[in-house]
Structure formats: structure tokens, C-alpha cells
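# Observations on chain architecture
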Amino acid sequence: MGPSGAGKSTLLDVLSGYRTTGVGGAIFINGRGRIMKKFKKMSCYIQQDDRLQGLLTVGENMTIAADLKLPTKMDKYEKGEVIEDILTNLGLYEHINTRGAQLSGGQRKRLSIALELINNPLVMFLDEPTTGLDSSSCTQVVQLCRSLAHQGRTIVCTIHQPSASLFAFFDQVYVLAAGNCLYQGTTRNLVPYVNEAGLPCPIYHNPADYIIELACGEYGEDKISVLRTKAENGKSLQWFDDHETIPTMEILRKRYPLSVMREQDSNTGEEETPQSNQRSVLIRRGFLKAKRDSTMTHLRLIVNVVVGLMLGTLFINAGNEGSRVLDNYNLLFAILMHHMMSPMMLTILTFPSEMSILLKEHFNRWYSLGSYYISITVVDLPISIISCAIFSVIVYLMSSQPLDIARFAMFFAISLYTVLVAQSFGLMIGAIFNVVNGTFLGPTLSVPMMMFAGFGVTLRDLPPYLAWGSYISYLRYGLEGYIGAIYGLDRPTLDCNQAKYCHYRYPRTFLKEIAMSPNMFWWDILALTVTLFVLRTAAFLLLKWKLRAVR
């Protein structure tokens, strides 16, 4: 414990292995240098903010965690027993059907602990588990930590000014001030320690409050150096009970010989369960969330229907009328804009909130990043296909495009590709930036894409020094694909019923005017496939980099 800015959370980050950059020194476990891979198997880290899946119930959250963390050879009844046991001990069994978003602060904290207890870690790190809770919830959480510790686990947590009764629950305390240790020993010995240091604790004063006041320098900065010298900056062990029995490094190495380590080494994999199991569990969780998620699923379908009807009404019967060819061209570009902006912005806005949960679960070895990435791709595919199909059918029929199954298939393929590429673009931005920066960057980076699509300035009229831009704009391939689908395949002369003269009633004349070839469809599909693959791979690599950079 210590005042704000003393370095409590940083120390916990370092001890748990969460913080790896800007860290010096060595950490020993049982007398030997820490091997991170092994240590992560026997420890877990529960951060200050409760990173839970709000759309899943307590029971579903626990089942998913059990499927990811317990051996696959255990059946669902054995896993159910483990879950039931943990939830009963933590007082959450009555809330088994309550969604995560509807739990109170104390219940969320206990659920965070419950999720990590499933694979029974030996060491648990908790960052400020009592922050933001009322006194009764605080007591429940600390009592829970105490009972877990007395079952043979090591529980390390940071705490901010506990009450006297809460302070008494802890066995040992390490007091920090500006990165230095002022006291290390049992909580009972704290008062005798400050008395011996010539800084007696006033009667009826909470010892925890008093040591924090000293650490803040309220009684003078010199008192901090007095305590630091007395505690030998944490090296003095005399304030522990039976400090003579604390084993040295040498004794620890003898107690845990290398032959014992060999047995622990036999289990190699980084995560608890194989990749195939991780993928199936994460896909199941993804579909469960998608079914209940109003933004990602329901709103997305509604928006596609509404925008489809609006565009269909605005450009009604424009597809087969010779005098409205330019209107139809504008419609195709408007469809392209819709397919670019909606999925991209949706991903930019929703992915950063998933990021914090991914950080926690990935660090605590629930699953690999590859499994997670494949699962979000697979889960989103059906939703993208359904919403894109609904939109395409509405717009295609209302605007009277040629009723030919081959043309519609080409139109739909280009639409779907554009949606998937835009989504990958959004994923790249969402993986690195927060919501505010992402919302600014997404549309800004889309402007050059529109500029080089060949809509305002035809591809023929682009200056030679800017011609390269049209090859990297996926909207150019989208627009060219649409033109191929609607005006290619040797389309016959259009009707001219609404005007005396229709300049573009011959599709060839129009194609020459906009400088697009109707026979490039398969090249456009190839270009969009390559773009999709490149952007998806880039998003994965950026996500991998982000997970490292945060730490």
C-alpha cells in the first residue's frame, strides 16, 4: 500500500510480468530466476477495471472460461461442478442468470476473481480490488481474498487507504512511497515498528491512515527517509513473524531441485487448451454476443434496410432508362460509399472496447491471438453477408437494374468484397487508435480512396504523377466492378421513354465517356481479394504489436 503515485500498480505490473518494457533488475521464484512462460501458468492478474463480457450472463461467462482453461477431456458435468463450487464460495450462485452489465460493482469484482479461479492459480495479483466499492462490498472482497490465501495460494494486491478493520484482514504489508519501501512485515507489527522509529502512532488512529500520512510527507519529508533507512528499503525482515525461519535463496533451491522442474516442463503449450478448442469456444461466444448485441447486429441490419429503401426511392427505375444513366452512375457510387463507411466506422467505434477484454484474457492465457482473430472474422462473416444481401436486393430491384442472375451475382460479389475490405480497414485503425482518434482518421484516410476511384475525375484524366493512386484505391475496383456488372456483358441499347434524346442509351458511349472497360470484372475481384488479404494480415500484425506495445 501507499499514496497515489507511490508506484503500487507499477510494482504489481512488474511482479506479474504484465509490464516488460522499461524494467530493470531480476525476479526470483523459489530461488531461481523467473521463467515467464512457466510463471504465467501458475499465476493470474486481475486489473483494476473489471473487464467482463457485459452481454453474457455470469453462468455463460464462467462456462466459456471453463471451456478455455480446463482440460478438454473433462466433460461438461465435471466443469459444471467446478463452476458451481466457485460461484457458491463467492456468493454469486444466485446471480448465475444475471448479465455482466447488470451486476453491481462488488459482484463484478467477485466475478473477475471467479473467472481466474477456474484453473486454480497458485499466485493471484489484484490491482486495487476495493476501489469504487462501498464498505460492505470491500469487506466481502477482502474476506474472499483472505480465505483464498488461507487455502494455500499467494494473493498479492494493492490497496488504497483501507479502514482499520480491513487492514487487520491482511497478513503482510509492503508500504511504498515514491518507489521506496518504508515498511515490510506483518500488519500487527506496523504500530510497534513506527513506535521504535520514534514516530509513535496516535491512540485511536487507524494505523493504515497514519502510515499513508507519513508516506505522503504530511509530518515532514525527513520522516520518509527515517523509515526507509529503518526498513533498509525493504531488505529488513525482522518485522515478519518468525523471521528466522524465512528460507534463503540457497535453501529454496535445495527445496525445489531441478528434477522437480522437469515435471513442470512436460506440459509445453502456451495456453491451457489446443487451438482448435479455443477457436470453437470463441466462435460460440461470438455468435452468442452477436445475437444479443443491438449495435453490431440489430442496428446494422436496420440501417441496411433503411438506407436501401432511401436510395431505392431516390433512384427509382433509374437502371433501365437511357436518359438517367448518369443518375444510375451516381447511385452506384452512393452504394459504394454506404458499403465503405458503415462497416468501417462501426468497427472503429466498437473494437477498442473489445481491446481491453482481449488484453486481459490474452495475458492470462485464455487463448492465443490467432484463435481470437479467426473467431472475430468467422463470426462477422454471416452478419456481413446477410445485411449486404438485404441491401443489394432492395436497391437492385427498386432502381430497376437488369434482371439477370449473372449480373446480380457480380453486383453482390463486389458489394460484399467492398464491405469486407472496409471492415478490415476499420479493424486496422481500431486496433491501434482509441475511439476519438479512430473516428477522425477513418473518414480522413477514406478521402484519397474516393479521390482515386475514377468518379469525379475519370481514370483517363488523372495526372501521370497521381496515376498510381488509382491502383491502391479499393473503391476504384469496386466502381469498375459495378460498371462491369451493370453495363458490361454486351448490354443491349437502353429504352428512352422519359426524354426526346438519350445521349447514353448505348452503353458503349457511356463507358467511353467515363473511361472504364466493362471487361475488367475478374481483375477487379482479384485486386479486391489481394487488398482484403493484405489489410486483414496488416490488422493482425498491428494487433499483435499493440498487445506488446501496451506492456
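Bear in mind the structure is a predicted one, so any value in this text is a computation, not a measurement. (Residues numbered from 1 in each chain as written. Predicted model: local features only at pLDDT ≥ 70, side-chain atom pairs only at ≥ 80, totals over all residues. Heavy atoms only, no water.)

## Points about the UniProt feature "transmembrane region" (unreviewed entry) in the protein
The UniProt record annotates "transmembrane region" (unreviewed entry) at residues 301-319, 331-351, 372-397, 409-433, 440-459 and 520-543. The straight-line gap between the two end C-alpha atoms of residues 372-397 is 38 Å; of that span, 100% is helix and 0% is strand. The straight-line gap between the two end C-alpha atoms of residues 520-543 is 34 Å; of that span, 96% is helix and 0% is strand. (UniProt positions renumbered as here; feature names shortened; annotations may be inferred. Helix = DSSP H or I, 4+ residues; strand = E, 2+ residues; numbered from the N terminus.)

## A look at the UniProt feature "domain: ABC transporter" (unreviewed entry) in the protein
Sequence positions flagged by UniProt for "domain: ABC transporter" (unreviewed entry) are, in local numbering, residues 1-203. Strand forms 14% of residues 1-203 and helix 41%; the C-alpha atoms that close the span are 21 Å apart.

## With respect to the state of the cysteines
Per the stated rule, a full pass over the model turns up one disulfide. Two residues share a disulfide in this structure: Cys496 and Cys502, whose sulfurs sit 1.8 Å from each other. The chirality of the disulfide connecting Cys496 with Cys502 is right-handed, given an S-S dihedral of about 80 degrees. The pair formed by Cys496 and Cys502 is uniform in burial state, with each residue classed as buried. The thiol sulfur of Cys44 is not disulfide-bonded, and the nearest other cysteine sulfur, from Cys145, lies at 10 Å. (Disulfide = S-S within 2.5 Å. Buried < 20%, exposed > 50% of the residue type's maximum accessible area, 1.4 Å probe, protein only.)

## Section: empty space enclosed by the protein
Under the counting rule described, the total for this entry stands at one cavity of 30 Å³ or more. Empty space within the largest cavity amounts to approximately 30 Å³. Lining the largest cavity, in full, are Lys41, Ser43, Cys44, Lys69, Glu116, Asn119, Pro121, Asn364 and Arg365. Along the lines of polarity and charge, the residues of the lining of the largest cavity split into two nonpolar, three polar and four charged. (1 Å grid on protein atoms, 1.4 Å probe; cavity = no way out; pocket = protein on both sides within 12 Å on 5 of 7 lines; lining within 4 Å. Points joined across faces, edges and corners; volume = space filled by probe spheres on them. Nonpolar A, V, L, I, M, F, W, Y, C, P; charged D, E, K, R; others polar.)

## Remarks on the pattern of salt bridges
Overall, the coordinates contain 18 salt bridges when judged by the stated rule. The partner of Glu60 in a salt bridge is Arg292, with the nearest N and O atoms 2.8 Å apart. Taken together, the residues span a long stretch of sequence, with Glu60 in helix α3 (residues 58-69) and Arg292 in helix α13 (residues 275-292) at a distance of 232 residues. In this structure, a network of salt bridges that share partners links the residues Asp67, Lys79 and Arg284. (Salt bridge = Lys/Arg side-chain N within 4 Å of Asp/Glu carboxyl O.)

## Things to note about the side chain of Ser424
With respect to the helices and strands, the residue Ser424 is situated in helix α17 (residues 405-432). A distance of 2.8 Å separates a polar side-chain atom of Ser424 from the backbone oxygen of Leu420. Beyond its immediate chain neighbours, meaning those up to four positions away, Ser424 contacts Leu532, Leu535, Arg536 and Ala539. (Polar contact = N/O pair within 3.5 Å; in protein donor to acceptor, adjacent residues only side chain to side chain. Contact = heavy atoms within 4.5 Å.)

## Focus on the sheet that holds strand β5 (residues 154-157)
What the three strands build is an open sheet, ordered β3-β4-β5; its pairing is parallel. The open sheet has two edge strands, β3 (43-46) and β5, and neither has a second partner. Across this sheet, the average inter-strand angle for adjacent strands is 15 degrees, counted without regard to direction. Here strand β4 (residues 123-126) pairs with β5 via four bridges, running parallel. In the strand pairing of β5, Met124 is matched with Ile155. (Pairing = 2+ DSSP bridges. Axes fitted to C-alpha atoms, helices over the stretch in contact; angles between N-to-C directions.)

## Describing the pairing of strand β6 (residues 172-177)
Remark: a regular strand shows side chains that alternate across the two faces of the sheet. One ladder, built from six bridges, connects β6 with strand β7 (residues 180-186); its direction is antiparallel. Its bridge partner being in β7, Gln172 is matched across the sheet by Thr186. With antiparallel pairing between neighbouring strands as the criterion, β6 and β7 make up a hairpin whose turn holds two residues, including Ala178 at a positive phi of roughly 50 degrees.

## Quick look at the packing of helix α14 (residues 294-314) against helix α15 (residues 325-363)
One can describe the packing of α14 onto α15 by two numbers: an axis separation of 12 Å at closest approach and a directional angle of 165 degrees. The angle between the axes of α14 and α15 places the two elements in the roughly antiparallel class. Every pair of crossing elements has a handedness; the one defined by α14 and α15 is right-handed. In this structure, α14 contributes Thr295, Met296, Arg300, Val303, Asn304, Val307 and Leu311 to the contact, and α15 contributes Leu331, Ala334, Ile335, His338, Leu346 and Thr350. Among the residues forming the contact of α14 with α15, the class breakdown is eight nonpolar, four polar and one charged. (Parallel < 35°, antiparallel > 145°, perpendicular 65-115°, else oblique. Left-handed = near helix turned anticlockwise from the far one by under 90°.)

## Observations regarding the layout of surface pockets
Rolled over the atoms, a probe sized like a water molecule indicates the empty space that remains. As a volume, the second largest pocket reaches approximately 680 Å³. Along its surface, the second largest pocket is lined by 29 residues, and Lys289, Asp293, Met296, Glu354 and Ile376 are the ones closest to its centre. At the level of elements, α13, α14, α15, α16 (369-398) and α17 are the ones that each hand at least two residues to the lining of the second largest pocket. Top contributing element to the lining of the second largest pocket by residue count: α16, with seven residues. Of the residues that constitute the lining of the second largest pocket, the class distribution is twelve nonpolar, eleven polar and six charged.

## Quick look at unusual backbone geometry
Even without glycine at this site, Asn317 takes up a positive phi of about 60 degrees. The topology assignment puts Asn317 in the loop between α14 and α15. Even without a glycine there, the phi angle at Ala515 is positive, about 55 degrees. Mapped onto the fold, Ala515 is located in the loop between α21 (507-513) and α22 (521-550).

## Quick look at the packing of aromatic side chains
Between two aromatic rings, the relevant description is the distance of the centres plus the angle of the planes. Applying the stated rule across the entire model yields 19 aromatic pairs. Pairing Tyr367 with Tyr372 gives two aromatic rings, centres 5.8 Å apart and planes at 10 degrees, and the pair type is stacked. Pair check on accessibility: Tyr367 and Tyr372 agree, each one buried. Among the aromatic residues, those joined into a ring-pair cluster are Tyr329, Phe333, Phe455, Tyr487 and Phe510. (Phe/Tyr/Trp six-rings, centres within 6.5 Å; stacked < 30°, edge-to-face > 60°.)

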